[in-house]
Amino acid sequence: MRVAVLSPVAWRTPPRHYGPWEQVASNIAEGLVAKGVEVTLFATGDSITAGKLDAVCSTGYEEDRNQDAKVLECLHISNLMEKAGQFDLIHNNFDFLPLTYSRLIKTPVITTIHGFSSQRIIPVYKKYNATSHYVSISNADRSPELNYLATVYNGLNTADFAFSPKAEDYLLYFGRIHHDKGTAEAIEIALKSNRKLLIAGIIQDAGYYREKVEPFIDNEQIVYVGHAGPEERNALLGKAAALLHPINFNEPFGMSVAEAMLCGTPVIAFSKGSMPELIKHEQTGFLVNTTDEAVKAVSNLNTINRQDCRDWAGDQFSSEKMVNDYYSLYEKILHV
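To start, this report covers the structure provided alongside it. Not measured: the values here are computed from a predicted model.

Cut-off values and rules
Residues numbered from 1 in each chain as written. Predicted model: local features only at pLDDT ≥ 70, side-chain atom pairs only at ≥ 80, totals over all residues. Heavy atoms only, no water. Helix = DSSP H or I, 4+ residues; strand = E, 2+ residues; numbered from the N terminus. Rg over C-alpha atoms; globule rule 2.2 N^0.38 Å. Buried < 20%, exposed > 50% of the residue type's maximum accessible area, 1.4 Å probe, protein only. Contact = heavy atoms within 4.5 Å. Areas by Shrake-Rupley, 256 points an atom, 1.4 Å probe, with all protein chains shown as cover. Lys, Arg positive; Asp, Glu negative; His and termini not counted. Charge placed at Lys NZ, Arg CZ, Asp CG, Glu CD. Axes fitted to C-alpha atoms, helices over the stretch in contact; angles between N-to-C directions. Parallel < 35°, antiparallel > 145°, perpendicular 65-115°, else oblique. Left-handed = near helix turned anticlockwise from the far one by under 90°. Nonpolar A, V, L, I, M, F, W, Y, C, P; charged D, E, K, R; others polar. Phe/Tyr/Trp six-rings, centres within 6.5 Å; stacked < 30°, edge-to-face > 60°. Lys NZ or Arg CZ within 6 Å of the ring centre and 35° of its normal. Salt bridge = Lys/Arg side-chain N within 4 Å of Asp/Glu carboxyl O. Polar contact = N/O pair within 3.5 Å; in protein donor to acceptor, adjacent residues only side chain to side chain. Pairing = 2+ DSSP bridges.

It is worth spelling out the overall build of the protein at this point. For the protein, the helix and strand inventory stands at 11 helices and 13 strands. The C-alpha radius of gyration computed for the protein amounts to 20 Å, which stays within 12% of the reference 20 Å derived for 336 residues, consistent with globular compactness. Counting only C-alpha atoms, the protein reaches 60 × 40 × 35 Å along its principal axes. Every one of the 336 residues in the protein was classed for burial, and the buried ones make up 56%. Restricting to contacts in the protein with at least 6 residues of sequence separation, those with at least 24 account for 63%. When the accessible surface of the protein is split by element, carbon and sulfur atoms take 47% of a total near 14,400 Å². Charged side chains of the protein number 31 positive and 40 negative; the gap between the two group centres comes to 4 Å.

As a further point, take the packing of helix 4 (residues 183–193) against helix 5 (residues 206–213). Where helix 4 contacts helix 5, the axes come no closer than 10 Å and their chain directions differ by 20°. One finds that helix 4 runs roughly parallel with respect to helix 5. Here helix 4 runs over helix 5; the crossing is right-handed. Contact residues: helix 4 offers Thr183, Ala184, Glu185 and Ile187, while helix 5 offers Tyr208, Lys212 and Val213. Grouping the amino acids of the contact of helix 4 with helix 5 by side-chain chemistry returns 4 nonpolar, 1 polar and 2 charged.

According to the stated counting rule, one finds 8 aromatic pairs in the structure shown. Measuring from ring centre to ring centre gives 5.7 Å for Tyr209 and Tyr224, while their planes differ by 55°; the resulting arrangement is tilted. With Tyr209 in helix 5 and Tyr224 in strand 10 (residues 222–226), this residue pair connects regions lying 15 residues apart in the sequence. With 6.3 Å between their ring centres and 85° between their planes, Trp312 and Phe317 make a pair best called edge-to-face. Neither Trp312 nor Phe317 differs from the other in exposure class; each is buried. These aromatic residues form a ring-pair network of at least three members: Tyr153, Phe253, Trp312 and Phe317. Seen from the ring of Tyr327, Lys35 lies directly overhead, with NZ or CZ sitting 4.8 Å from the centre.

Tracing the backbone through its elements, the reader meets Arg306 in helix 10 (residues 306–316). Here Arg306 is buried and forms no salt bridge, its nearest opposite-charge partner Glu168 lying at an N-O distance of 9.9 Å. Looking at Arg306, its side chain comes within polar contact range of the side chain of Thr265, at 2.9 Å. Excluding its chain neighbours within four sequence positions, the residues that come into contact with Arg306 are Phe163, Ser164, Pro165, Lys166, Ala167, Gly238, Ala240, Ala241, Cys263, Gly264, Thr265 and Pro266.

The next subject is the pairing of strand 5 (residues 109–113). Among the 5 residues that make up strand 5, 5 are buried, leaving the element largely enclosed by the rest of the structure. Of the two faces of strand 5, the one carrying Val109, Thr111 and Ile113 and the one carrying Ile110 and Thr112 are both buried. Sheet topology places strand 5 next to strand 6 (residues 133–136); 4 bridges connect them, and they run parallel. Its bridge partner being in strand 6, Ile113 is matched across the sheet by Ser136.

Strand order in this open sheet of 6 strands is 10-9-8-11-12-13, and the pairing throughout is parallel. On the outer flanks of this sheet lie strand 10 and strand 13 (285–288), each paired with one strand and no other. The average angle at which neighbouring strand axes cross in this sheet is 20°, direction not considered. Strand direction decides the pairing type here: strand 12 (residues 267–270) and strand 13, joined by 4 bridges, are parallel.

Worth remembering: the numbers are spatial, not functional.
This is how it looks when you write it as structure tokens:
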């Protein structure tokens with residue numbers, strides 16, 4: 001089976017720091033290679049893969065701002081589509097734009113919908129409902145207007161996450177600093193709980209950071225440690241008493257939630273979007289609706305068995321499970 005995996009070109013695949021779509025595309029590609037599939041990864045030129053790499057740019061447009069994002073995207077997607085005949089199947093991890101080529105080629109396209117940036121993009125998906133194969137990353141993140149082949153949860157390389165049976169006495173916020181992700185709410189929870197909070201992530205909204213986050217950073221109780229790479233991520237997640245995930249939107253998945261549980265760290269999250277699918281309430285964390293409920297959950301962290309967190313996440317959110325699920329879909333599409 002010859003499979004083209006199309007990754008975004010905002011960041012390297014896999015990403016150095018932030019880049020959840022690139023990370024999933026990488027895990028799919030590498031998992032398929034391990035299964036003996038002939039894989040070509042379409043990504044930035046500095047990307048890393050055990051398969052074949054095909055690139056039209058050396059670095060991502062978020063890492064080299066001298067590049068025009070739209071131009072790069074068009075060159076990147078068209079590069080694959082002009083080679084579509086070389087593959088049995090194309091796995092699109094790059095949103096809706098590649099669909100506009102899909103009726104011009106004979107190669108089937110399976111698209112993982114990593115979330116909807118806006119309801120305004122749904123008409124593109126609707127146009128190709130009958131001729132495309134859509135996969136949701138959670139049951140919560142489905143549009144009633146679209147036809148889905150399956151739900152496949154994002155998978156992580158479990159070996160990359162070290163289990164920590166014991167935690168230190170701090171809470172962790174891990175993610176982009178933005179209203180949607182609830183950085184300010186995490187600070188409020190920590191202050192009300194009288195617990196130390198470490199904040200790790202890129203500053204996506206500078207105004208929000210200045211107004212809602214920076215005034216509370218005292219480098220004692222509330223500490224901003226910057227964005228964290230893989231090594232720092234493991235240490236931060238594994239030693240935390242809990243990950244605070246008080247989101248203000250219906251999150252399609254939540255990579256840091258699965259990552260934390262793989263380290264044995266329970267998660268306290270607002271019960272929105274996919275969170276009830278990711279977290280087993282009162283077993284691998286707590287689903288809450290307010291900051292006050294989150295504060296109460298902090299006081300009950302001693303009731304969570306960290307091994308249960310690891311076992312649950314390993315069963316549900318491993319790259320092996322994800323790749324096997326996708327491979328079964330490929331066989332279904334290709335009638336193998």
